[in-house]
Each structure stands twice: as structure tokens, then as C-alpha cells.
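Coordinate analysis (summary)
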Amino acid sequence: MDIVYRLGKATAEEIQDEMPAPPPSYSAVRALLSILAEKKLLKYTREGRRYVMRPAIAPERARDTALKKSCAPFRRITRKTRRLTPRLKRPQTAA
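Residues numbered from 1 in each chain as written. Predicted model: local features only at pLDDT ≥ 70, side-chain atom pairs only at ≥ 80, totals over all residues. Heavy atoms only, no water.

Quick notes on helix H3 (residues 26-38)
Owing to its 3.6 residues per turn, the α-helix aligns residues three or four sequence positions apart on the same side. Note the cut-off: Helix and strand definitions follow DSSP, with helices as H or I runs of at least four residues and strands as E runs of at least two, each counted in order from the N terminus. Multiply 1.5 Å by the residue count of a helix minus one, and that product is the helix's expected span. Throughout, exposure labels follow a simple rule: accessible area from a 1.4 Å probe, protein chains only, divided by the maximum for the residue type, with under 20% read as buried, over 50% as exposed, and the rest as partly exposed. An arc is given here, and it is the one of the directions from the helix axis to the C-beta atoms. Any two residues having at least one pair of non-hydrogen atoms within 4.5 Å are treated as being in contact.
Taking 1.5 Å of rise per residue, 13 residues should cover 18 Å, and H3 covers 18 Å from first to last C-alpha, within 8% of that figure. Here H3 has its buried residues at Val29, Leu33, Leu36 and Ala37. Relative to the axis of H3, the buried residues are bounded by an arc of 100° and lie together on one face. Away from its buried face by more than 90 degrees, H3 exposes Ser27 and Glu38. Check the buried side of H3 and you find it contacts helix H2 (12-18), strand E1 (42-47) and strand E2 (50-55). Trailing H3 by a residue or two, lysine 40 shows a phi angle of about 65°, which is positive.

This is how it looks when you write it as C-alpha cells:
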């Protein structure tokens, strides 16, 4: 996503060229781009034989969504842990 945001619009080949060495295969890049398009993070248009990808959402929203999804498993663990942890009774003080 960073590459598409930086370039504004790009083909799979252009994105692959921008990736650090050794880049993934062309088909792996295309597969990842199609997943991002299914998730409505990228839009694409066909120009001749190539698909040109553009960001569908603002970078800030993409960052927030990614952060929220990456933290979700930890929130579930915390909720389960709270339910499984027995509540300790406070010691009673003598009156």
C-alpha cells in the first residue's frame, strides 16, 4: 500500500520494481493486489492489457484499519482472560 500511496497509481510491474530486493514474483504481487482490491483498499482500471491500481481510501484510514485489525486478537485474549480469571475476595478487616 505504501508504494501505491507514494506513486499515486501503479501497475503490478511498477509495484514489483519498487519492492526491496529480492522482490516477490509478479504473480504474487498480482495476487496481493487482487486481495487488497477485494477488501476495497484499492481501485483498479484497465488500461490496454494492464490494470492500474489506485488507493481507494486515505492513508490515515488505511493505517487506522490495519492497526485496529492487528490489535483485535489481543483484545479478544484480554476479554477471555478477564472472564477466566477468578475474582479474589478482599480480606475483611476486623471492626
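Remarks on the packing of aromatic side chains
Using the following cut-off: In summary, the pairing rule links any two rings of Phe, Tyr or Trp, Trp by its six-membered ring, whose centres are within 6.5 Å, and it sorts them by plane angle into stacked for under 30 degrees, edge-to-face for over 60 and tilted for everything else.
Taken as a whole and assessed by the stated rule, the structure comprises one aromatic pair. Judged by centre distance (5.5 Å) and plane angle (80°), the rings of tyrosine 44 and tyrosine 51 are edge-to-face.

A word on the pattern of salt bridges
Rules: When a carboxyl oxygen of Asp or Glu lies within 4 Å of a side-chain nitrogen of Lys or Arg, that pair is called a salt bridge.
Considering all chains together, one arrives at three salt bridges under this definition. Close ionic contact of glutamate 47 with arginine 54 constitutes a salt bridge, the shortest N to O distance being 3.8 Å. You can call arginine 54 partly exposed: its relative accessible area is 27%.

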